[in-house]
Amino acid sequence: MSIISIGIDLINVKRFKKLIFRYGIKIPNKILSEKELYEYKNTNYKDKFLATRFTAKEAAAKAIGVGIYKKNFLKNCEIIHNIYGKPKLNIFGYAGIILKKLKTKKIFLSITDSSKYVQSVVILEK
């Protein structure tokens, strides 16, 4: 197997705290898939939840080579976790088509966070 590309993103959690305060539910509605929106409504740490999802999706977009606002990318990319908490990307729609063209066999996602920052790395493997 060989690496096709890598994407990385880092964000300050405070940025999402301000966005939520200013725009309310409009921000999560733009960023999150239906499954993620359900999780978001049930979490106590909404700012960190959004920051985590956004950085992972931004890193994925960079790795795939598409813009996050192109053809509903943010809504067609979701982060789920296995029973051990390991994050995984589900990508469908337009970005899913591009992944097939790239002949992507595996997507690796790593997310790390602190009280101030969230960072995500996505690696696409052929």
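In the block above lies the structure referred to throughout.
Small disclaimer: the values here were computed from a predicted structure and weren't measured. (Residues numbered from 1 in each chain as written. Predicted model: local features only at pLDDT ≥ 70, side-chain atom pairs only at ≥ 80, totals over all residues. Heavy atoms only, no water.)

Peer 1: Kindly report on the packing of aromatic side chains, identifying the contributing residues and their values.
Peer 2: A complete count under the given rule lists 2 aromatic pairs for this structure. Where phenylalanine 16 meets phenylalanine 54, the ring centres are 5.6 Å apart and the plane angle is 55 degrees; that geometry is what we call tilted. Taken as a pair, phenylalanine 16 in helix α1 (residues 13-23) and phenylalanine 54 in helix α4 (residues 46-64) lie far apart in primary sequence, 38 residues in all. The same class applies to phenylalanine 16 as to phenylalanine 54, namely buried. Residues tyrosine 40 and phenylalanine 49 carry aromatic rings whose centres are separated by 6.0 Å and whose planes lie at 55 degrees to one another, so their mutual orientation is tilted. (Phe/Tyr/Trp six-rings, centres within 6.5 Å; stacked < 30°, edge-to-face > 60°. Helix = DSSP H or I, 4+ residues; strand = E, 2+ residues; numbered from the N terminus. Buried < 20%, exposed > 50% of the residue type's maximum accessible area, 1.4 Å probe, protein only.)

Peer 1: Please give an account of the layout of surface pockets that cites residues and values.
Peer 2: Empty space among the atoms becomes visible once a probe the size of a water molecule is rolled across them. The space that makes up the largest pocket amounts to roughly 210 Å³. Together, Asn82, Lys86, Pro87, Lys88, Leu89, Asn90, Lys106, Ile107, Phe108 and Leu109 line the largest pocket. Of all the secondary-structure elements, those providing two or more residues to the lining of the largest pocket are β3 (87-91) and β4 (106-113). For the lining of the largest pocket, the class distribution of residues is 5 nonpolar, 2 polar and 3 charged. (1 Å grid on protein atoms, 1.4 Å probe; cavity = no way out; pocket = protein on both sides within 12 Å on 5 of 7 lines; lining within 4 Å. Points joined across faces, edges and corners; volume = space filled by probe spheres on them. Nonpolar A, V, L, I, M, F, W, Y, C, P; charged D, E, K, R; others polar.)

Peer 1: Please give an account of the environment of asparagine 12 that cites residues and values.
Peer 2: Note that asparagine 12 resides in strand β1 (residues 3-12). Taking relative accessible area as the criterion, asparagine 12 reaches 31% and is therefore assigned partly exposed. Sequence separation between asparagine 12 and tyrosine 23 is 11 residues, and the spatial gap between their C-alpha atoms is 17 Å. The contact partners of asparagine 12, leaving out residues within four places of it in the chain, are Lys116 and Tyr117. Polar contacts involving the side chain of asparagine 12 include one to the main-chain amide nitrogen of lysine 14, which spans 2.9 Å. (Contact = heavy atoms within 4.5 Å. Polar contact = N/O pair within 3.5 Å; in protein donor to acceptor, adjacent residues only side chain to side chain.)

Peer 1: Describe the sheet that holds β4, with residues and values.
Peer 2: With antiparallel pairing, the 3 strands of this open sheet are ordered in space as β1-β5-β4. Of all strands in the sheet, those with a lone pairing partner are β1 and β4, marking the two edges. Averaged over neighbouring strand pairs, the angle between their axes works out to 10 degrees when direction is ignored. Contacting β1 and β5 (117-125), α1 runs over the sheet at an angle of about 65 degrees to β1. (Pairing = 2+ DSSP bridges. Axes fitted to C-alpha atoms, helices over the stretch in contact; angles between N-to-C directions.)

Everything listed here is a matter of coordinates, which is why it stays silent on function.
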